[in-house]
Amino acid sequence: MSDSTPRADAREVNFDGLVGPTHNYAGLAHGNVASMRHGGLASSPKEAALQGLAKMKALHEAGYAQGVLPPQQRPDLGALRDLGFSGSNAQVLERAAREAPQILRAVCSASSMWTANAATVTPSRDAPDGRVHVTPANLQSSFHRFLEPRTTGRVLAAIFRDEARFAHHPALPATPAFSDEGAANHTRLCSDHGEPGVHLYVYGRRAFPGEGPASREPQRFPARQTLEASQAVARQHGLDATQVVFAQQHPDAIDAGVFHNDVIAVGNGPVLLYHEMAFLDEQGTLDELRRKMASPLIPVRVPGEAVSLDDAVSSYLFNSQLLSDPDGSGTMTLVVPGECQENEAVWRTIQDLLLAGHNPIGEVVVKDVKQSMRNGGGPACLRLRVVLDAAERAGLSGRVLLDDALYGDLVAWVERHYRDTLTPADLADPQLAEETLTALDELTRLLEIGSVYPFQL
């Protein structure tokens, strides 16, 4: 394990995913209730990208460290060619639209905007070699997301390039046994970002049930994260048994549409805000966290009688960003989607239980991310949390930490290249593919990250 010296200059940087030009509502994510409900509707890629940027800018202006990650290359014409569609780009798209429209929708998905699924990251403070460790998620449980890890790995390696400070691991084998959905099922709990942390890995099922006690699995929707995947990532990063807790997500929550743990729980510092149905063994999970954490755990439990599972899923109360205030006061801010304010039970719980309760949450900020919400992703889905000390922040490559100039450049880039509306039928338009490649080529120059996309290689 790394030394126990606190790192006073450590800060959490939220790397938000830019919403891609092909943002559409194809209803691809089985088990994601919002995605399924809005499938087939018209989307607004421009509005979605600007909403995401507005959230980033607001947090940057409030003093939080904010980073940016680029979207994937979509449509993924290489994937279509691998599946036997041939000819010019226009011919490939036309044939896919005619013969396999669901596959075309999948290779056009803008799901990489939800960077909570991009990877799992261990801060240098917790790693035995003193480096930040990164493992891209294999996302093998759905075809449209399985297409992401290779480009994600190139992007992360281009930004976290310094081998003296950053260690990159391969995505786990893309098989059901090692199904990995990234940081959406991982929470680091600690007294402060620069102090030692305990890593809570949440899984939905065991791949090899004969190797441990039998556990109940969901019946309606699939459990996307396996225990074996979580254990493998922890091993890759050099974490030992004293630094990790593995907890099973409640199968009834998964069946209610809680496809990732970050839809039912969010942690920051010593605070774990969670619904009573988040974990199959609630008390056992809390007890193990308390035993392993160096500082007292502050659990904030939301009972089902206050917020039902259905309300939790529809409002995304727990898919909020819980942030340590940058003034060092120890208080926290909860960034929630507008849907929380629109739900009477959820908003009442925020006022009565969270803001008036005995916990560090001192403020709730409401953000409009409706374009993302309709596809099943709230504020927490849109960001990958990376704890970096001052030297690591200075060692980042590219122009990826948000400031006013970068924000202005990205807004202008979106205004130039994005369509106002997009329907699933538009995905076969070869002009859309050309527009996207032009936009992404310009974006890599704007972010100064080099060639990361297949068409650039």
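Above this text you will find the structure in question.
Notes on the structure in this doc start here. (Residues numbered from 1 in each chain as written. Predicted model: local features only at pLDDT ≥ 70, side-chain atom pairs only at ≥ 80, totals over all residues. Heavy atoms only, no water.)

With respect to the overall build of the protein chain
Step number 1: A tally of regular secondary structure across the protein chain gives 17 helices and 15 strands.
Step number 2: Computed over its C-alpha atoms, the radius of gyration of the protein chain comes to 21 Å, within 12% of the 23 Å expected for a compact globule of 457 residues.
Step number 3: A principal-axis box enclosing the C-alpha atoms of the protein chain has dimensions of 60 × 45 × 45 Å.
Step number 4: A burial count over the protein chain gives 60% of its 457 residues as buried.
Step number 5: Relative to all contacts within the protein chain whose residues are 6 or more apart in sequence, the contacts with residues 24 or more apart total 76%.
Step number 6: Accessible surface computed for the protein chain: about 16600 Å², of which carbon and sulfur atoms make up 50%.
Step number 7: Separation between the mean location of the 40 positive side-chain charges and that of the 56 negative ones in the protein chain comes to 3 Å. (Helix = DSSP H or I, 4+ residues; strand = E, 2+ residues; numbered from the N terminus. Rg over C-alpha atoms; globule rule 2.2 N^0.38 Å. Buried < 20%, exposed > 50% of the residue type's maximum accessible area, 1.4 Å probe, protein only. Contact = heavy atoms within 4.5 Å. Areas by Shrake-Rupley, 256 points an atom, 1.4 Å probe, with all protein chains shown as cover. Lys, Arg positive; Asp, Glu negative; His and termini not counted. Charge placed at Lys NZ, Arg CZ, Asp CG, Glu CD.)

Observations regarding unusual backbone geometry
Step number 1: Across the junction of R74 and P75, the peptide omega takes the value 0 degrees, indicating a cis bond.
Step number 2: Position of P75 among the secondary structure elements: in the loop between β2 (65-69) and α3 (77-82).
Step number 3: Even without being a glycine, L139 presents a positive backbone phi close to 50 degrees.
Step number 4: As for its position among the elements, L139 is in the loop between β4 (132-136) and α6 (143-146).
Step number 5: The phi angle at Y316 is positive, at roughly 60 degrees, despite the residue not being glycine.
Step number 6: Checked against the element boundaries, Y316 lands in the loop between α11 (309-315) and β12 (321-324).

So, the sheet that holds strand β13 (residues 332-337)
Step number 1: Strands sit in the order β12-β13-β14 across an open sheet of 3 strands; the sheet is mixed. The strands lining the two open edges of the sheet, one partner per strand, are β12 and β14 (361-367). Sheet twist, expressed as the mean angle between neighbouring strand axes with direction ignored, is 25 degrees.
Step number 2: With 6 bridges joining them, β13 and β14 adopt parallel strand pairing. Pairing of V336 across the sheet is with V366, part of β14. (Pairing = 2+ DSSP bridges. Axes fitted to C-alpha atoms, helices over the stretch in contact; angles between N-to-C directions.)

Remarks on the sheet that holds strand β7 (residues 197-203)
Step number 1: As summarised here, the arrangement of the 3 strands in space is β6-β7-β8, forming an open sheet in which the pairing is mixed. Here the strands that pair on one side only, and so sit at the sheet edges, are β6 (186-190) and β8 (244-248). If you compare each strand with its neighbour and ignore which way they point, the axes differ by 25 degrees on average.
Step number 2: Bridge count between β6 and β7: 5 bridges; the pairing is antiparallel. By the bridge assignment for β7, T187 is matched with L200.
Step number 3: Packed onto the sheet, helix α8 (residues 227-236) meets β7 and β8 and runs at close to 155 degrees relative to β7.
Step number 4: Lying over the sheet, helix α10 (residues 282-292) contacts β6, β7 and β8, oriented at roughly 175 degrees with respect to β8.

A look at α10
Step number 1: Every buried residue belonging to α10 is among E282, T285, L286, E288 and L289, and all of these are buried. For α10, the angular spread of the buried residues around the axis is 165 degrees, confining them to a single face.
Step number 2: Against β6, β7, β8, β10 (271-275) and β11 (298-302) lie the buried residues of α10. (Arc of directions from axis to C-beta.)

Examining the nonpolar core
Taken as a class, soluble globular proteins show a tendency for nonpolar side chains to be buried jointly.
Step number 1: One finds F15, F160, L272, F279, L289, L388 and L410 to be the most contacted residues of the largest nonpolar core, which totals 93 residues.
Step number 2: At 6 residues, the largest contribution of residues to this core is made by helix α16 (residues 404-417).
Step number 3: With residues near it in sequence (within four places) discarded, L410 still touches L18, L53, V68, L402, L443, L446 and L447.
Step number 4: Among the nonpolar cores identified, the runner-up in size contains 16 residues, and V92, L93, C108 and L422 belong to it. (Core = buried A, V, L, I, M, F, W, Y, C linked by side-chain atoms within 4.5 Å.)

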